[in-house]
Amino acid sequence: MNTTEATLARRSAIPASLLTAPAASVEARQTWTQEGIWLEIRAEAEQTAAQEPLLLPRLKTMVLDRPTLDAAIAAVIARRLATEDLPEAALRELFDSAMRDTPGIAQRAAADLAAVKDRDPACPNLLHVVLNLKGFQSLQAYRIAHALWQDGRQALAFALSNQASVALGVDIHPAARIGCGVMFDHATGIVIGETTVVEDHVSILQNVTLGGTGKEHGDRHPKIRSGVMIGAGAKILGNIEVGTMSKIAAGSVVLRPVPAHCTVAGVPARVVRHHRDDSCPSDEMDQTI
């Protein structure tokens, strides 16, 4: 294991074998473990309940009465996606089962939590991520839908994906492949197509499209490598690769492959600068060109 794999494994609270780590060192802001994340969320929920009694019923249902992190996430997503014909209790039971039975899904959720807390300066605590940030919630809804898709339950996966799009404003095809330690910042308007691959440790801002170029079939969507940051409003179209540790500037339209360790900007996007090998845009979250 290289330095980056070890750092990301500690921070993301998952086995290093699940990571596709960036090729250069990333300094960890804090060491996270899945158990530590859950204990901190519970402590934050207890403190918030004492300060804001109005929130106590919500906090009990979502966090304080739940035995584990994955059970809490299942409860939150069930509440967000529930409708008259998709009742909350039934969804919670389904999501509990999916979170419990799908290898790695809880660890990936923990890695996503750590990513938001580490990278978003506006994030006050982990409880806020779980309860209020639809970027995190939409990503976990995708993870459950993807598990159902992999299990051959495509109709149900599509129904959940559609409801997540309606409720949370993020449209992710359940067949897309998304790694761990991923952050959707603000998240409104993100669209991710069927054959998209997003590797680990990626940050994506609002109104980003990872789409196709028309009516072609087969493998037709982008491949986003580890350490990439995609700025607000960027469009990456077609079966093209965005190389590791690169940055897509806000508002850019990317139609050609992007080399590793560079920034592209414009319509159509072109390379405007090259980075040091130890620069990780997804971690730095620097929106400037």
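Residues numbered from 1 in each chain as written. Predicted model: local features only at pLDDT ≥ 70, side-chain atom pairs only at ≥ 80, totals over all residues. Heavy atoms only, no water.

1. Concerning the overall build of the chain
Stage number 1. Looking only at helices and strands, the chain features ten helices and 15 strands.
Stage number 2. Buried positions account for 53% of the 289 residues belonging to the chain.
Stage number 3. By sequence separation, contacts in the chain at least 24 residues apart represent 48% of the contacts at least 6 residues apart.
Stage number 4. Carbon and sulfur atoms form 51% of the exposed surface of the chain, whose accessible area is close to 12200 Å². (Helix = DSSP H or I, 4+ residues; strand = E, 2+ residues; numbered from the N terminus. Buried < 20%, exposed > 50% of the residue type's maximum accessible area, 1.4 Å probe, protein only. Contact = heavy atoms within 4.5 Å. Areas by Shrake-Rupley, 256 points an atom, 1.4 Å probe, with all protein chains shown as cover.)

2. Let's talk about the packing of aromatic side chains
Stage number 1. Counting across every chain of the model gives one aromatic pair.
Stage number 2. Summarising the aromatic geometry, the rings of Trp149 and Phe158 are spaced 5.0 Å apart at their centres and angled 85° between planes, so their arrangement reads as edge-to-face.
Stage number 3. For Phe158, a relative accessible area of 40% corresponds to the partly exposed category. (Phe/Tyr/Trp six-rings, centres within 6.5 Å; stacked < 30°, edge-to-face > 60°.)

3. Some remarks on the pairing of strand β14 (residues 262–265)
Stage number 1. Burial along β14 is two-sided: Cys262 and Val264 and Thr263 and Ala265, pointing in opposite directions, are all buried.
Stage number 2. Summarising the sheet, strand β12 (residues 247–248) and β14 pair through two bridges and their orientation is parallel. The residue of β14 that forms the bridge with Ile248 is Val264.
Stage number 3. Across four bridges, β14 lies against strand β15 (residues 270–274) in antiparallel orientation. Bridge pairing links Val264 to Val271 in β15. (Pairing = 2+ DSSP bridges.)

4. So, the nonpolar core
Stage number 1. Counting 50 residues, the largest nonpolar core has Ile37, Ile41, Phe95 and Leu113 as the members making the most contacts within it.
Stage number 2. Among the elements of the structure, α2 (34–51), α3 (56–64), α4 (69–81), α5 (88–101), α6 (105–119), α7 (126–132), α8 (134–150) and α9 (154–168) are those that each provide at least two residues to this core.
Stage number 3. Contacts of Ile37, omitting those with residues within four sequence positions, involve Trp32, Leu69, Ala110, Leu113, Ala114 and Leu126.
Stage number 4. In terms of nonpolar packing, the next biggest core, distinct from the first, is built from 28 residues, Ala176, Ile178, Phe184 and Ile192 among them. (Core = buried A, V, L, I, M, F, W, Y, C linked by side-chain atoms within 4.5 Å.)

5. Side note on the sheet that holds strand β10 (residues 235–237)
Stage number 1. Spatial ordering of the open sheet is given by β1-β4-β7-β10-β13, a layout of five strands whose pairing is parallel. Both outer strands of the open sheet, β1 (171–172) and β13 (253–254), are each paired with one neighbouring strand and no more.
Stage number 2. In terms of strand pairing, β1 meets strand β4 (residues 191–192) through two bridges, oriented parallel. Within β4, the residue paired with Asp171 across the bridge is Val191.

6. Focus on α4
Stage number 1. Compared with an ideal rise of 1.5 Å per residue, which puts 13 residues at 18 Å, α4 spans 18 Å between its outermost C-alpha atoms and is within 8% of the ideal.
Stage number 2. For α4, the tally of buried residues reaches eleven of 13 residues, placing the bulk of the element in the interior.
Stage number 3. Turning to α4, its buried residues are Leu69, Asp70, Ala71, Ala72, Ile73, Ala74, Ala75, Val76, Ile77, Ala78 and Leu81. (Expected span 1.5 Å × (residues − 1).)

7. Side note on the environment of Val267
Stage number 1. For Val267, the position within the fold is in the loop between β14 and β15.
Stage number 2. A residue is classified by how much of its surface remains accessible, and Val267, at 63% relative accessible area, is exposed.
Stage number 3. The spatial distance from the C-alpha of Val267 to the C-alpha of Gly251 is 8.0 Å, given a sequence separation of 16 residues.
Stage number 4. With residues near it in sequence (within four places) discarded, Val267 still touches Gly251 and Val253.

8. Focus on the confidence of the model for the chain
Stage number 1. Here the chain shows a mean pLDDT of 90. Residues at 70 or above account for 90%.
Stage number 2. With pLDDT under 50 throughout, residues 1–28 is counted as low confidence; its partners more than four residues away or in other chains account for 71 contacts. (pLDDT = per-residue confidence, 0-100.)

9. Focus on the pattern of salt bridges
When charged atoms on two side chains of opposite charge get close, those side chains can pair.
Stage number 1. Enumeration over the complete set of coordinates arrives at eleven salt bridges.
Stage number 2. When the shortest N-O distance is used, the salt bridge between Arg220 and Glu194 registers 2.8 Å. Highlighted residues: Arg220 in the loop between β7 (209–211) and β8 (223–224) and Glu194 in the loop between β4 and β5 (197–198), separated in sequence by 26 residues.
Stage number 3. Here Glu194 falls in the partly exposed class, since its relative accessible area comes to 28%.
Stage number 4. Between Arg225 and Glu199 there is a salt bridge; the shortest N-O distance is 3.0 Å. With Arg225 in the loop between β8 and β9 (229–230) and Glu199 in the loop between β5 and β6 (203–205), this pair connects stretches of sequence that are 26 residues apart.
Stage number 5. Of the residues examined, Arg225 reaches a relative accessible area of 22% and is grouped as partly exposed. (Salt bridge = Lys/Arg side-chain N within 4 Å of Asp/Glu carboxyl O.)

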